[in-house]
Amino acid sequence: MSVIEYDVIVIGAGVAGLTAGTLLAGQGLNVALVTAGEPTACLSTGCVDVCSQNENPLQGIANLPDLHPFHLVSSETILQALTDFQQVMTDMNIPYTGTLEKNRQVISAIGTFKTTCLTPLTMESSPQSIDEKIQIVTFTGLKDFYPSYIISRLQNASFSTYDARVSTTMGIAAKFEDDAFLEAFISWLENLNISADKIAVPAVLGLESATAIMKRIASRLKRPVFEIPTIPPSMPGRRLFNALKDHFRSKGGVIYWGWPVVGVEKAGRLIEAVTAESRGRPNSLNARAFVLATGSFVGGGLHAERDTIVEPVFGLPVHVPSQREGWFDQDYFSANHGIGQAGIMVDTSFRAVGCPWDNIFVCGAILAHTEALKNGCGHGFAMTTGHAAARSCLEYLQ
Amino acid sequence: MIKTDVIIIGGGATGCGIARDLALRGIPHCVIEKGDFAAGATGACHGLLHSGGRYAVSDPVAAKECYDENIILRRIAEKCVEPTGGLFVRLPGDSKLFRERFLRSCEEIGIPTEVISSTKALELVPNLNPEIEEAIKVPDCSIDPFRLCMLNMRTSKLKDGLSFTRHKVTEIIQSRGRCIGVKATDAATGEIKQIYGNIIVNASGAWTNLIAGLVGCTVPLTLSKGSLVITNHRLTNMVINRLRPSSDGDIIVPNEAVCLAGTTSLTVEDPDKIAITPSEVDTIISEAGRMIPHFNNTRVIRAFSGVRPLLKSQKLDSREISRGFQIIDHQNGMYSIVGGKLTTFRLMAEKMVDIIMSAFNLKRACETAEKPLDGQEELSGYPLSKRLADMKNIICECELVTRKEVERIIEQTGTRHVGDIQHRTRLGMGPCQGGFCTFRALGIMHDMQILTAEQSVQSLREFLQRRFRGIRCALWGDQLREEQLVEYIYLGILAMERNK
């Protein structure tokens with residue numbers, strides 16, 4: 001078994017893990033990130049929800065229930081985490097817009113308004129009211145985008161269909177990276193003689209260059225252009241992930257991709273190493289500290305069995321809300337399912353409550369009492385707790 | 001006002017079978033169904049075409065009917081039946097005495113059996129519990145109840161039979177003590193249709209007494225709820241039964257890409273209140289897991305339940321009540337047909353129509369046992385290659401349903417209900433349980449201007465709520481994981497409004 005030595009190993013490649021890893025690597029530490037695969041961040045809209053329960057995210061956080069892990073971080077830390085993020089994304093050419101003072105609205109693919117805090121610049125012009133005049137463009141055969149859902153809500157919207165000769169989200173996005181394709185698309189748009197104030201497209205404007213593509217269309221058509229996030233595969237989520245990942249690497253971080261953690265080595269009150277599997281071969285990754293950011297159920301950080309819930313990497317104690325009967329409310333749309341409370345409870349140092357080891361720091365959606373959907377605590381929560389857990393880890397290492 | 005000869009209330013297998021039989025004997029008729037075809041117990045069963053083995057010991061008459069109908073349906077409904085064969089497996093501790101009685105009864109009834117060793121059984125079904133003592137092979141099959149109903153209705157339609165789905169019978173029109181028609185309310189428009197006929201057949205299954213009650217009649221029925229679970233894998237290619245007296249979770253049936261296991265049997269009062277509890281799900285899984293151990297760690301994608309309308313008896317356990325059927329003449333122009341099995345629906349229809357013919361003083365023999373079901377030529381069955389040919393436009397990845405198929409169903413039926421598409425194409429019946437494809441199917445429906453977008457969104461909400469009812473007690477492991485993603489898509493990405 002090969003043995004590799006690091007200062008810190010981060011488990012999980014979502015927003016929490018990458019934020020923590022980048023902060024630690026930025027301090028000159030030798031950091032590796034292990035991940036079983038693509039994070040669920042890739043499936044997201046790319047928008048950064050901090051707390052969507054109030055017009056003002058900070059006020060929303062203040063109103064969250066006492067046990068909510070957001071209360072473990074100061075508003076300075078939240079501000080710092082978000083500012084760092086915006087700086088990184090600007091550097092990576094995927095700038096974000098928005099402030100912590102006020103939530104904004106992004107129109108969804110069925111015409112509802114989604115409340116969020118920071119959005120990619122490609123969604124900046126998303127309408128804030130139902131009467132804006134909007135021309136929606138869709139693509140022949142694109143099975144995950146139906147503009148008439150949106151038109152039913154926006155009183156002054158209409159749509160046209162462009163044939164991109166491919167019909168998948170990723171396929172169309174790849175075509176937009178090609179200059180000739182983009183030019184042909186712009187000429188087609190020009191010939192539509194659009195009278196609406198804004199142009200909307202599903203989020204397919206390129207794999208990486210969306211901001212530039214959006215700006216080019218907007219300047220030629222002389223009106224704002226914006227993307228509408230789609231169901232997975234979601235390009236804005238993928239762009240966000242790629243940017244954070246590249247940035248982490250640029251700080252010297254190493255990523256072990258497709259290496260699920262299958263075991264741990266302990267000694268007294270410390271975890272000494274994790275064993276990660278690569279093509280069936282075990283590899284021992286030693287480190288002085290570990291950051292656990294494996295996400296909630298969908299990310300694989302929590303696993304529900306018929307009568308209990310476990311954390312599969314370290315076997316940390318999990319807060320299990322009631323018996324299975326109480327995990328899900330009868331009303332699907334209540335967003336008030338008991339299961340949302342499940343996860344790891346941590347103290348102010350982001351160590352798991354009841355954990356027998358001192359060098360594990362936990363952050364992101366795996367934390368108990370987050371209720372991410374109900375409270376609208378998405379990537380903003382992940383980057384904030386990632387930031388805070390990394391600071392605590394740093395303090396421990398020093 | 002609509003005038004016909006026979007009014008059939010209920011579009012389950014029995015009602016659809018009666019419609020086909022009447023059509024073939026040239027009798028005008030009209031089916032009125034409050035939901036969609038196969039929406040009640042018909043669509044909420046195992047999809048098992050019984051060999052009769054299950055009832056051989058406890059109810060030889062019903063067993064014989066099952067076996068005879070099994071042979072007929074395999075012949076006339078080729079595209080609805082998968083001749084999987086079935087095994088009755090005996091686990092350590094299961095009574096040997098029951099095995100002897102089982103073999104003797106099957107022989108007396110004429111159900112062919114073959115005793116095979118556990119080694120041979122494991123060759124046939126590698127996922128079987130290797131501990132089994134032995135197995136008995138019987139001609140059980142898997143059957144698609146949705147397709148079966150649709151094809152019966154096809155014949156009715158070809159012979160100008162009428163049918164109204166999503167019409168609820170709210171009143172039986174009477175004249176001088178005779179039932180002469182019904183008033184049925186269209187759920188979509190609220191319009192009330194008056195339909196007159198000479199005979200009314202109440203084939204409304206679990207809702208029999210709600211209909212009979214409209215004219216002050218009652219039928220002695222016990223309503224027995226049976227719950228089932230669906231797994232995301234086809235764990236067996238044969239039907240697997242436990243060789244013991246009927247009990248919870250002792251049948252597993254492969255159906256297309258999935259497996260169904262059940263059932264439970266609990267007496268209920270109200271056929272519309274049939275919630276499933278997590279403990280029922282657990283019971284089914286652990287019992288099924290004794291026959292196929294993989295059941296314990298396979299994803300359960302949904303649980304559902306149906307209500308069997310059984311003839312009332314003194315017996316306390318509803319499982320011991322006869323699965324035979326009965327036709328009750330209310331002496332006022334209305335008949336109720338109750339009991340029976342999906343397997344025996346055709347026979348039930350034949351007997352019902354025989355009575356109708358003699359009431360009309362007409363003589364024409366039943367042809368339903370000889371003539372294959374109409375409309376089977378154009379069906380593909382489930383050959384993967386045929387479905388993959390149009391891969392580019394697959395909108396349900398789990399069940400490989402194409403946009404073209406969805407459009408065809410919408411054009412043929414003019415339906416405004418996404419459930420109708422599901423019943424006719426299997427859209428949404430796979431592992432994600434419609435999590436992705438329903439959004440698309442509804443999008444297509446308003447692309448085709450069948451629904452307004454507001455109606456689409458409303459249908460999507462109703463669908464998600466209905467879907468959730470079936471899956472919320474089966475959520476753990478990977479299925480919970482997938483469900484969290486689906487929830488994130490609808491409530492997170494699409495920001496569907498919450499119920500306050």
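Residues numbered from 1 in each chain as written. Chains lettered and ligands numbered in written order. Predicted model: local features only at pLDDT ≥ 70, side-chain atom pairs only at ≥ 80, totals over all residues. Heavy atoms only, no water.

## Overview of the overall build of chain B
Then step 1. Helices and strands together make up the secondary structure of chain B, namely 14 helices and 24 strands.
Then step 2. The C-alpha radius of gyration of chain B comes to 22 Å, within 12% of the 23 Å expected for a compact globule of 500 residues.
Then step 3. Overall size of chain B, expressed as C-alpha extent along the three principal axes, is 65 × 60 × 45 Å.
Then step 4. Taken across its 500 residues, chain B has 63% of its residues classed as buried.
Then step 5. Considering only contacts within chain B whose residues lie at least 6 apart along the sequence, 72% involve residues at least 24 apart.
Then step 6. Positive and negative side-chain charges in chain B, numbering 63 and 59 respectively, have mean positions lying 2 Å apart. (Helix = DSSP H or I, 4+ residues; strand = E, 2+ residues; numbered from the N terminus. Rg over C-alpha atoms; globule rule 2.2 N^0.38 Å. Buried < 20%, exposed > 50% of the residue type's maximum accessible area, 1.4 Å probe, protein only. Contact = heavy atoms within 4.5 Å. Lys, Arg positive; Asp, Glu negative; His and termini not counted. Charge placed at Lys NZ, Arg CZ, Asp CG, Glu CD.)

## What to know about the overall build of chain A
Then step 1. Scanning chain A for helices and strands turns up ten helices and 17 strands.
Then step 2. Compactness check: chain A gives a C-alpha radius of gyration of 22 Å against a globular reference of 21 Å for 398 residues, within 12% of the reference.
Then step 3. With respect to the principal axes defined by its C-alpha atoms, chain A has extents near 70 × 45 × 40 Å.
Then step 4. Of the contacts made within chain A by residues no fewer than 6 positions apart, 66% connect residues no fewer than 24 positions apart.

## Side note on the packing of aromatic side chains
The description of two aromatic rings rests on the distance between their centres and on the angle between their planes.
Then step 1. Scanning the entire structure with this criterion turns up 23 aromatic pairs over all chains.
Then step 2. Summarising the aromatic geometry, the rings of Phe 290 of chain A and Phe 314 of chain A are spaced 6.2 Å apart at their centres and angled 70° between planes, so their arrangement reads as edge-to-face. Separated by 24 residues along the polypeptide, Phe 290 of chain A in strand 14 (residues 281–292) and Phe 314 of chain A in the loop between strand 16 (309–310) and strand 17 (360–362) bring together distant segments of the chain.
Then step 3. Seen in terms of ring centroids, Tyr 332 of chain A and Phe 333 of chain A are 5.2 Å apart; in terms of plane orientation they differ by 85°. Their pairing is edge-to-face.
Then step 4. A residue is classified by how much of its surface remains accessible, and Tyr 332 of chain A, at 1% relative accessible area, is buried.
Then step 5. Under the relative-accessibility criterion, Phe 333 of chain A is labelled buried at 2%.
Then step 6. Following the ring pairs from residue to residue traces out a cluster consisting of Phe 139, Tyr 162, Phe 176, Phe 181, Phe 185 and Trp 188 of chain A.
Then step 7. Taking NZ or CZ as reference, Lys 34 of chain B lies 4.2 Å from the ring centre of Trp 207 of chain B, over its face. (Phe/Tyr/Trp six-rings, centres within 6.5 Å; stacked < 30°, edge-to-face > 60°. Lys NZ or Arg CZ within 6 Å of the ring centre and 35° of its normal.)

## A word on the domain arrangement of chain A
All names here are of chain A.
Then step 1. Partitioning chain A into structural domains gives domain 1 (2–94 + 238–397) and domain 2 (125–223).
Then step 2. Just the C-alpha atoms count here: the centres of domain 1 and domain 2 sit 35 Å apart.
Then step 3. Taken together, the contact pairs five residues of domain 1 with nine residues of domain 2.
Then step 4. Across the domain 1 to domain 2 interface the summed buried area is about 470 Å²; carbon plus sulfur atoms make up 40%.
Then step 5. Summed over the three residues of domain 1 that lose the most area to domain 2, namely Ile 94, Arg 238 and Arg 239, the buried surface amounts to 77% of that side.
Then step 6. Our count for the contact surface shared by domain 1 and domain 2 stands at zero salt bridges.
Then step 7. Linking domain 1 with domain 2 are two residue pairs in polar contact (both at pLDDT 80 or more), by the criterion used here. (Domains from an automatic or database assignment. Buried area = accessible area lost by both parts, 1.4 Å probe. Salt bridge = Lys/Arg side-chain N within 4 Å of Asp/Glu carboxyl O. Polar contact = N/O pair within 3.5 Å; in protein donor to acceptor, adjacent residues only side chain to side chain.)

## Observations concerning unusual backbone geometry
Then step 1. For the bond from Pro 232 of chain A to Pro 233 of chain A, the omega torsion is 0°, close enough to zero to count as cis.
Then step 2. Residue position: Pro 233 of chain A is located in the loop between strand 10 (225–228) and helix 8 (235–250).
Then step 3. In this structure, the amide linkage connecting Gly 262 of chain B to the following residue, Thr 263 of chain B, adopts the cis form with an omega of -5°.
Then step 4. Along the polypeptide, Thr 263 of chain B turns up in the loop between strand 18 (258–262) and strand 19 (266–268).
Then step 5. Despite not being glycine, Asn 93 of chain A has its phi angle at roughly 65°, a positive value.
Then step 6. You can see Asn 93 of chain A is positioned in the loop between helix 3 (75–91) and strand 3 (96–97).
Then step 7. For Ala 38 of chain B, which is not a glycine, the phi torsion comes out positive at approximately 65°.
Then step 8. Examined against the element boundaries, Ala 38 of chain B turns out to sit in the loop between strand 3 (29–32) and strand 4 (48–49).
Then step 9. On the accessibility criterion, Ala 38 of chain B (2% relative accessible area) is buried.

## Observations regarding the domain arrangement of chain B
All names here are of chain B.
Then step 1. Entries for chain B in the domain assignment read domain 1 (2–41 + 146–220 + 322–359), domain 2 (51–140 + 228–299) and domain 3 (384–493).
Then step 2. For domain 2 and domain 3, the distance between their C-alpha centroids amounts to 30 Å.
Then step 3. With both chains or domains summed, domain 2 and domain 3 bury close to 900 Å², and 60% of this area falls on carbon and sulfur atoms.
Then step 4. Our enumeration of links across domain 2 and domain 3 arrives at one salt bridge.
Then step 5. Here Arg 299 makes a salt bridge to Glu 482, at a shortest N to O gap of 2.3 Å.
Then step 6. Summed over the shared surface of domain 2 and domain 3, the result is two residue pairs in polar contact (both at pLDDT 80 or more).
Then step 7. Looking at the side of domain 2 that touches domain 3 element by element, the count peaks at three residues for helix 7 (residues 278–291).
Then step 8. Here the side of domain 2 that touches domain 3 is built from residues that sort into six nonpolar, three polar and two charged. (Nonpolar A, V, L, I, M, F, W, Y, C, P; charged D, E, K, R; others polar.)

## So, the environment of Pro 60 of chain B
All names here are of chain B.
Then step 1. Note on placement: Pro 60 falls in helix 2 (residues 60–76).
Then step 2. For Pro 60, a relative accessible area of 43% corresponds to the partly exposed category.
Then step 3. Each C-alpha atom of the pair Pro 60 and Gly 324 lies 9.6 Å from the other, and the pair is 264 residues apart in sequence.
Then step 4. Apart from residues no more than four positions distant in its own chain, Pro 60 is found in contact with Tyr 55 and Ile 109.

## Section: the interface of chain B and chain A
Then step 1. In this complex, chain B contributes 50 residues to the contact, which on the side of chain A involves 44 residues.
Then step 2. Interface of chain B and chain A: buried area, both sides summed, is about 4600 Å²; carbon and sulfur atoms make up 59% of it.
Then step 3. One salt bridge connects Arg 153 of chain A with Glu 497 of chain B, and the closest N-O pair in it is separated by 3.1 Å.
Then step 4. The tally of links from chain B across to chain A stands at 24 residue pairs in polar contact (both at pLDDT 80 or more).

## Remarks on the nonpolar core
Then step 1. Ranked by size, the top nonpolar core spans 196 residues in total, and within it Phe 314 of chain A together with Tyr 490 of chain B carry the most contacts.
Then step 2. Ranked by residue count, the leading element in this core is helix 10 (residues 379–397) of chain A, at nine residues.
Then step 3. Residues contacting Phe 314 of chain A, with those up to four places away along its chain left out, are Ile 11, Val 264, Ile 271, Val 274, Phe 290, Leu 292, Trp 357 and Ile 360 of chain A.
Then step 4. Within the second largest apolar cluster, 46 residues are counted, among which are Ala 13, Ile 76, Leu 148 and Ala 349 of chain B. (Core = buried A, V, L, I, M, F, W, Y, C linked by side-chain atoms within 4.5 Å.)

## Brief notes about the environment of Ala 184 of chain A
Residue and element names in this part refer to chain A.
Then step 1. Positionally, Ala 184 belongs in helix 6 (residues 179–191).
Then step 2. In this structure Ala 184 comes out as partly exposed when scored by relative accessible area, which is 36%.
Then step 3. Spatially, the C-alpha atom of Ala 184 lies 9.9 Å from that of Ala 164, the residues being 20 residues apart in sequence.

## Brief notes about the sheet that holds strand 22 (residues 334–339) of chain B
All names here are of chain B.
Then step 1. A sheet is described by the order of its strands in space; here six strands give the open sequence 10-3-2-14-22-21, paired in mixed fashion. Each edge of the sheet is formed by a strand with only one pairing partner; in this case those strands are strand 10 (162–164) and strand 21 (325–329). Going across the sheet, the axis of each strand differs from the next one's by a mean of 15°, ignoring polarity.
Then step 2. Both strand 21 and strand 22 contribute to a ladder of five bridges, which runs antiparallel. Within the sheet, the bridge partner assigned to Asp 329 lies in strand 22 and is Tyr 335. (Pairing = 2+ DSSP bridges. Axes fitted to C-alpha atoms, helices over the stretch in contact; angles between N-to-C directions.)

## Observations concerning helix 1 (residues 15–26) of chain A
Then step 1. In a regular helix each residue adds 1.5 Å, so twelve residues correspond to 16 Å; helix 1 of chain A covers 16 Å between its end C-alpha atoms and thus fits that length.
Then step 2. Most of helix 1 of chain A sits out of view: eleven of its twelve residues are buried. (Expected span 1.5 Å × (residues − 1).)

## What about the sheet that holds strand 11 (residues 167–175) of chain B?
Residues and elements named next belong to chain B.
Then step 1. Spatially, the four strands line up as an open sheet ordered 1-13-12-11, and their pairing is mixed. Here the strands that pair on one side only, and so sit at the sheet edges, are strand 1 (2–3) and strand 11.
Then step 2. Taken together, the eight bridges between strand 11 and strand 12 (residues 178–186) define a ladder with antiparallel strand orientation. Its bridge partner lying in strand 12, His 167 is registered against Asp 186.

## Notes on the environment of Gln 53 of chain A
Then step 1. With respect to the element layout, Gln 53 of chain A can be found in the loop between strand 2 (31–35) and helix 2 (57–62).
Then step 2. For Gln 53 of chain A, a relative accessible area of 43% puts it in the partly exposed group.
Then step 3. Residues Gln 53 of chain A and Ala 390 of chain A, spaced 337 residues apart in sequence, show a C-alpha to C-alpha distance of 27 Å.
Then step 4. Among residues more than four places away in sequence, those in contact with Gln 53 of chain A are Lys 374 and Asn 375 of chain A together with Arg 498 of chain B.
Then step 5. Within polar-contact distance, the side chain of Gln 53 of chain A engages the backbone oxygen of Lys 374 of chain A at 3.3 Å.

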